[in-house]
Amino acid sequence: MTEPAHHATERRKPVAEVRLTDETIAYLEERIAAAVGNGIKTAIPEETAVEFWSAGLAALQKQATQHAGRFVLGGIWGLLRKASLFFMLGGIVYAVGGWAALAALAKTIFGK
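Each residue is numbered by its place in its chain's sequence as written, counting from 1. Reporting of local features is limited, given that this is a predicted model, to residues whose pLDDT is at least 70; pairs of side-chain atoms are given and counted only at 80 or more, and all residues count toward the totals for whole chains, interfaces and linings. To get the side-chain values, all heavy atoms of the structure are used, and hydrogens and water are removed first.

Colleague: Which parts of the structure should I look at to understand the overall build of the protein?
Modeller: Regarding its fold elements, the protein presents two helices and zero strands. Throughout, exposure labels follow a simple rule: accessible area from a 1.4 Å probe, protein chains only, divided by the maximum for the residue type, with under 20% read as buried, over 50% as exposed, and the rest as partly exposed. When each of the 112 residues of the protein is scored for burial, the buried share is 7%. Accessibility throughout is a Shrake-Rupley quantity obtained with a 1.4 Å probe, and a residue counts as covered only by protein chains that appear here. Carbon and sulfur atoms make up 67% of the accessible area of the protein, which amounts to about 10300 Å² in all. In this text, helices come from DSSP runs of H or I with a minimum length of four residues, and strands from runs of E with a minimum of two, each type numbered from the N-terminal end.

Colleague: Just checking my understanding: could you explain the pattern of salt bridges for this structure?
Modeller: Any two side chains of opposite charge can pair if their charged atoms end up close together. Throughout this description, the term salt bridge denotes a Lys or Arg side-chain nitrogen within 4 Å of a carboxyl oxygen of Asp or Glu. Overall, the coordinates contain one salt bridge when judged by the stated rule. Notably, a salt bridge pairs Arg19 with Glu17, separated by 2.6 Å at the nearest N-O pair. Glu17 carries the same exposure label as Arg19, and that label is exposed.

Colleague: It is not clear to me how helix H2 (residues 46-110) should be interpreted in this structure. Could you clarify?
Modeller: Residue pairs spaced three or four apart in an α-helix point in one direction, given the helix's 3.6 residues per turn. What a helix is expected to span follows from its residue count: subtract one and scale by 1.5 Å. The first and last C-alpha atoms of H2 sit only 54 Å apart over 65 residues, clearly below the 96 Å expected at 1.5 Å per residue. By definition, a residue's bend is the angle between the axes fitted to the seven residues ending there and the seven starting there. Gly97 marks where H2 bends most, by close to 135 degrees. Of all the positions in H2, only Gly78, Phe86, Gly90, Gly98, Leu102, Leu105 and Ile109 are classed as buried. Two residues or fewer after H2 comes Gly111, characterised by a positive phi angle close to 80 degrees.

Colleague: So what exactly am I meant to see when it comes to the packing of aromatic side chains here?
Modeller: For any pair of aromatic rings, the description consists of the separation of the ring centres together with the inter-plane angle of the planes. For this analysis, a ring pair means two rings from Phe, Tyr or Trp (six-membered ring only for Trp) whose centres lie within 6.5 Å, classed as stacked if their planes differ by under 30 degrees, edge-to-face if by over 60, and tilted for the remaining angles. Evaluation of the coordinates by the stated rule reveals one aromatic pair. Consider the rings of Phe52 and Trp53, whose centres lie 5.1 Å apart with planes at 80 degrees: the pair is edge-to-face. By relative accessible area, Trp53 is classed as exposed at 57%.

Colleague: Honestly, the environment of Val93 in this entry has me stumped. Any pointers?
Modeller: With respect to the helices and strands, Val93 occurs in helix H2. C-alpha of Val93 to C-alpha of Ala104: the two residues are 11 residues apart in sequence and 9.5 Å apart in space. The criterion used for residue contact is that any of the two residues' heavy atoms lie within 4.5 Å. The contacts of Val93, once residues within four sequence positions are left out, are Gly98, Ala101, Leu102 and Leu105.

What follows is the structure, given as structure tokens:
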């Protein structure tokens, strides 16, 4: 297979270095930002953007509600486990050590 003419190494011109000024770079950045902004506005009409963000916020609210429910139920379940442990051991501890021992058990199970 033969190489296309524009790929031939013997015909290549030396590459000249091109440096852009800071003003040219700033201008290009502004033009690119404007083009991207216009492309997004054209691709996503305002109604679609509102629907998109509304759906995202609704999903976030649903996830937060589910997580909060699990958190509350987890806290109640943990409290019930601690209370049942306290009542199971509390009778024995009270019989052996009295109120002082029962208070120490409560501090151990429930903290502070």
